[in-house]
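# Survey of secondary and tertiary structure
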Amino acid sequence: MTAVETAHIDEQLSPEDRPIVPFTVVPGGPPDVALAPAGETGYPGVRLEQADEDGTVPPQDVYVSLPRGKGLRFVAEGGCDHLLTVQDAHGNAKTYRGIQSSDGQALTFESVDLALSGKGSASAAWVAVKASDSARLGNTKLTFCVGDQASDSACIRVVDHIPFSVTAGGPPDVTLKPAGATGYPGVRLRADDDGKVSPQDVYVALPRGKGLQFAAEGGTACLLTVQDAHGNAKTYRGTLSSDGQALTFQGIDPALSGIGSSSTAWVAVNAPDGAPASKDPMHLTFCVGDRTSPSTPVLVDPQSW
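Pairing of strand S21 (residues 223-228) with strand S22 (residues 233-237), which is carried by five bridges, proceeds in the antiparallel orientation. Paired with threonine 225 across the bridge in S22 is threonine 235. Where S21 hands over to S22, the hairpin turn is made up of four residues, of which glycine 231 adopts a positive phi near 90°.

Here is the structure:
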């Protein structure tokens, strides 16, 4: 009997009479999740795989529970709904609305299509969670029950913060001419762990006695620009110190999400008329949260144009 004939017969059978097509559930889905207390949302999940058998896995009920006493909570998405996302091997995703238990510790989803399309096919499923401000640090997991199959989720690591690094970089090295065009010294940011780095305060100081000054953009405001790895940029207005030597920016999104993700940040500076030429490269000082770094090198060269 051919596979087409078998499928045709299966379609004519009632759900309870159809042959059981086995599948497995294991930790997986999106990568391991790192969450900071009161931080961003993470997406722990499982990986689903159909056994090496023909047939179609019927829809299953899915139950997901939080670990007790760890301070995790489910996150509503799409308004007030708690969702389960199922993604097939081609990246196509479908969401299902869940029913939350009275104590908020579990979600139930009914008649979920597992997106398993034949022998050896695979898919992934996940939910959205956050760590409360009192969440316990350390590793934990959710429990997924898919039909009669149970598995832990991908590992969840609750950390006190998502570490990141700051190094000189961003726009190319800057050469200024007295009373000339504006330059943009900056730094490069990199996430050193999974998760989304929380907003940071940023402090930028000019090198003392070198004749540089911050340049106002967009009217009278001195701005910090943060550009993510995809080229999307966002600007923030700064507060200039009374002596004009430093700028402070509050609540800056560093645009870092996921280990190895990167972004750049820079400010605008110029050299006023009469600024001395620099023999050696100068640097602004960037403080991003508790991380510090010199900026891209800056030179003042009256002969540069």
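From this point, the narrative continues.
Here the distance between the centres and the angle between the planes together describe a pair of aromatic rings. This model, assessed by the stated rule, comprises zero aromatic pairs. Geometry around phenylalanine 164 places arginine 291 over its ring, the cationic atom sitting 5.8 Å from the centre.

The next thing to look at is the sheet that holds strand S4 (residues 60-65). Strand pairing in a sheet relies on backbone hydrogen bonds. The paired strands run either parallel or antiparallel. One open sheet accounts for five strands, arranged S8-S9-S4-S13-S14; its pairing is antiparallel. Pairing within the sheet leaves two strands with one partner each, and these edge strands are strand S8 (99-100) and strand S14 (149-152).

One open sheet holds the three strands; their spatial order is S2-S15-S12, and the pairing between them is mixed. Lying at the two open borders of the sheet, with one neighbouring strand each, are strand S2 (33-35) and strand S12 (138-140). Within the sheet, the average angular offset between the axes of one strand and its neighbour, ignoring direction, is 25°. Relative to strand S15 (residues 156-158), S2 is paired through three bridges, and the arrangement is parallel. In the strand pairing of S15, valine 33 is matched with isoleucine 156.

This paragraph deals with the side chain of serine 263. For serine 263, the position within the fold is in strand S25 (residues 262-267). By relative accessible area, which is 2% here, serine 263 ends up buried. Here proline 254 takes part through its backbone oxygen, which lies 2.6 Å from a polar atom of the side chain of serine 263. The residues contacting serine 263, other than those within four sequence positions of it, are Val187, Arg188, Leu189, Val226, Gln227, Asp228, Pro254, Ala255 and Leu256.

Rules behind the numbers
- Residues numbered from 1 in each chain as written.
- Predicted model: local features only at pLDDT ≥ 70, side-chain atom pairs only at ≥ 80, totals over all residues.
- Heavy atoms only, no water.
- Pairing = 2+ DSSP bridges.
- Helix = DSSP H or I, 4+ residues; strand = E, 2+ residues; numbered from the N terminus.
- Phe/Tyr/Trp six-rings, centres within 6.5 Å; stacked < 30°, edge-to-face > 60°.
- Lys NZ or Arg CZ within 6 Å of the ring centre and 35° of its normal.
- Axes fitted to C-alpha atoms, helices over the stretch in contact; angles between N-to-C directions.
- Buried < 20%, exposed > 50% of the residue type's maximum accessible area, 1.4 Å probe, protein only.
- Polar contact = N/O pair within 3.5 Å; in protein donor to acceptor, adjacent residues only side chain to side chain.
- Contact = heavy atoms within 4.5 Å.

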